[in-house]
Amino acid sequence: MADRLMKVNAYTTLDLVDAVAKGHDFEMEAFAVVNATAAKKNPDSVELQFELDNMTEEHLPAHMETIQLTPAQARAIATDLEKHAKRVEEASGDDEETA
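Conventions we followed
- Residues numbered from 1 in each chain as written.
- Predicted model: local features only at pLDDT ≥ 70, side-chain atom pairs only at ≥ 80, totals over all residues.
- Heavy atoms only, no water.
- Helix = DSSP H or I, 4+ residues; strand = E, 2+ residues; numbered from the N terminus.
- Buried < 20%, exposed > 50% of the residue type's maximum accessible area, 1.4 Å probe, protein only.
- Contact = heavy atoms within 4.5 Å.
- Areas by Shrake-Rupley, 256 points an atom, 1.4 Å probe, with all protein chains shown as cover.
- 1 Å grid on protein atoms, 1.4 Å probe; cavity = no way out; pocket = protein on both sides within 12 Å on 5 of 7 lines; lining within 4 Å.
- Points joined across faces, edges and corners; volume = space filled by probe spheres on them.
- Nonpolar A, V, L, I, M, F, W, Y, C, P; charged D, E, K, R; others polar.
- Salt bridge = Lys/Arg side-chain N within 4 Å of Asp/Glu carboxyl O.
- pLDDT = per-residue confidence, 0-100.

## Observations concerning the overall build of the protein chain
Thought 1: Helix and strand counts for the protein chain stand at one helix and four strands.
Thought 2: When its helices and strands are written in sequence order, the protein chain yields β-β-β-β-α.
Thought 3: Counting the 99 residues in the protein chain, one finds 19% classified as buried.
Thought 4: In the protein chain, 30% of the contacts between residues at least 6 apart in sequence involve partners at least 24 apart.
Thought 5: Accessible surface, the protein chain as shown: approximately 8,300 Å² in total, 52% of it carbon and sulfur.

Following this line, the structure appears as structure tokens:
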């Protein structure tokens with residue numbers, strides 16, 4: 001796994017979503033970038049990546065989290081996301097889809 005930070009571009013799954021980082025002695029609200037990807041050639045896992053914008057944060061150095069998932073694990077997360085998205089939409093009366 002290469003040491004790199006995520007680039008926000010047209011291929012990033014989500015950019016500038018609300019995020020919170022919590023530690024023992026801090027809680028920080030920030031924007032975040034989220035990306036789901038796999039290697040272009042011979043992928044062996046799905047990667048879920050996220051990075052918080054820490055330009056004003058003193059507790060977290062710049063870094064990106066990457067979770068490597070099997071296809072089954074990625075589908076399990078996708079299923080849970082769909083289930084919870086539906087619950088939130090029903091509770092708020094908002095059935096709008098966003099990209």
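So, next bit.
## A short note on empty space enclosed by the protein
Thought 1: Going through the model one piece at a time under the given rule, you end up with one cavity of 30 Å³ or more.
Thought 2: Empty space within the largest cavity amounts to approximately 30 Å³.
Thought 3: Around the largest cavity, the lining residues are Leu52, Asn54, Leu60, Pro61, Ala62 and His63.
Thought 4: Of the residues that constitute the lining of the largest cavity, the class distribution is four nonpolar, two polar and no charged.

## Digging into the pattern of salt bridges
Thought 1: Summed over the entire model, instances satisfying the criterion amount to one salt bridge.
Thought 2: We note a salt bridge from Lys83 to Asp80, for which the minimum N-O separation is 3.6 Å. On the criterion of helical spacing, the pair formed by Lys83 and Asp80 is a turn pair, its members being three residues apart in helix 1 (residues 71–92).
Thought 3: Among the residues examined, Lys83 registers a relative accessible area of 46% and is labelled partly exposed.

## So, the confidence of the model for the protein chain
Thought 1: Scored by pLDDT, the protein chain has a mean of 84; 83% of the residues are at 70 or more.
Thought 2: Averaged pLDDT values over the elements of the protein chain bottom out at 89 in strand 1 (residues 14–22) and peak at 96 in helix 1.

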